[in-house]
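# Summary of the model geometry
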Amino acid sequence: MIWAVLPAAGRGQRFGGDTPKQYLRIAGKPLIEHALTALLAHPRVAGAMVALSAGDELWPGWSELLGKPVLRCTGGNERADSVLAALRALPAQVGDDALVLVHDAARPNLRGEDIGRLIAAAEAAPDGAILGAPLRDTLKRAGRGRIVGTEPREGLWRAFTPQAFRRGALTATLAEAARAGVAVTDEASAMERSGVQPWLVEGREDNLKVTTPADLALAEYLIGRH
Ligand SMILES: Nc1ccn([C@@H]2O[C@H](COP(=O)(O)OP(=O)(O)OP(=O)(O)O)[C@@H](O)[C@H]2O)c(=O)n1
Ligand SMILES: C[C@](O)(CO)[C@H](O)COP(=O)(O)O
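As annotated in an unreviewed UniProt entry, the protein chain carries the name 2-C-methyl-D-erythritol 4-phosphate cytidylyltransferase and comes from Lysobacter enzymogenes. Comment text from UniProt for the protein chain, heading Pathway (unreviewed entry), reads "Isoprenoid biosynthesis; isopentenyl diphosphate biosynthesis via DXP pathway; isopentenyl diphosphate from 1-deoxy-D-xylulose 5-phosphate: step 2/6." As stated in UniProt under Sequence similarities (unreviewed entry), the record for the protein chain gives "Belongs to the IspD/TarI cytidylyltransferase family. IspD subfamily."

Examined against the element boundaries, Arg-117 turns out to sit in helix H3 (residues 112-124). By relative accessible area, which is 40% here, Arg-117 ends up partly exposed. Every residue in contact with Arg-117, bar those within four places of it in the chain, is listed here: Val-201, Glu-202 and Gly-203. Separated by 2.8 Å, the side chain of Arg-117 and the backbone oxygen of Glu-202 make a polar contact.

Turning our eyes to something else, we now look at the UniProt feature "site: Positions MEP for the nucleophilic attack" (unreviewed entry) in the protein chain. The sites that UniProt annotates as "site: Positions MEP for the nucleophilic attack" (unreviewed entry) are Arg-153 and Lys-209. Those annotated residues that line the largest pocket are Lys-209. Assignment of secondary structure puts Arg-153 in the loop between strand E10 (146-151) and strand E11 (157-166). Not counting the four nearest positions on each side in its chain, Arg-153 is found in contact with Leu-135, Arg-136, Asp-137 and Thr-138. One polar contact links the side chain of Arg-153 to the main-chain carbonyl oxygen of Asp-137, over a distance of 3.4 Å. Its place among the elements puts Lys-209 in the loop between strand E12 (199-202) and helix H6 (213-224). When neighbours within four sequence positions are excluded, Lys-209 is seen to be in contact with Arg-14, Asp-104, Ala-106, Arg-107 and Asp-215.

Rules and cut-offs
- Residues numbered from 1 in each chain as written.
- Chains lettered and ligands numbered in written order.
- Predicted model: local features only at pLDDT ≥ 70, side-chain atom pairs only at ≥ 80, totals over all residues.
- Heavy atoms only, no water.
- UniProt positions renumbered as here; feature names shortened; annotations may be inferred.
- Helix = DSSP H or I, 4+ residues; strand = E, 2+ residues; numbered from the N terminus.
- Buried < 20%, exposed > 50% of the residue type's maximum accessible area, 1.4 Å probe, protein only.
- Contact = heavy atoms within 4.5 Å.
- Polar contact = N/O pair within 3.5 Å; in protein donor to acceptor, adjacent residues only side chain to side chain.
- 1 Å grid on protein atoms, 1.4 Å probe; cavity = no way out; pocket = protein on both sides within 12 Å on 5 of 7 lines; lining within 4 Å.

Have a look at this one:
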């Protein structure tokens, strides 16, 4: 049984505006609904747990999407807190050994073939797996707006989501990072702290995270090409 976990409790400060970006519409649906639909459309995904800001509720019609349950919990101050809350709120029948796919609600352009390849990799390896892509640009280190160095990019990848791990192991490593006061920006970072080396699955580069208004326009274009 595979469940999706969607952190969707952010405030979108880098995006700006009054509406948290996960509720902004492209192609007639809010970003979060595109992400939910992509995940629940995969036959191996049984349901979703969404971490929302306190006071936010699932929109009408979301409690069951594509005939599958969508549950909500209240997220936390940081993305990692929201993911941990969602993992802890999953139904009891989702055991510690169950695979969970953690996906940003702000990544609407997720494709089924990427989900399938990620599941295959994560099920074949105890260390889990994440979607990503190798860096293809030269990396510069900035100092007061000027180049102060060029960073080697060999072997560097951009991490995307979903990130796929077993519920029990991911819950424990996120809780340990929180106890240690270590800020982790993705699930793999928490798992790496425990010594595992998750697999990298090269995914589509158009699986972009909507962070700024320019990203929203690009995401709308990409969704329109489905
Ligand atoms: N406390 C938080 C912060 C973020 N997120 C979610 O994590 C995903 C990726 O985070 P990001 O793009 O940083 O979203 P925001 O935190 O809203 O953006 P910003 O940092 O610009 O405020 C988003 O779906 C966001 O809703 C969350 O569930 N809980
Ligand atoms: C999880 C993530 O999308 C992987 O690249 C990224 O770390 C989220 O970062 P954010 O600053 O919380 O958007």
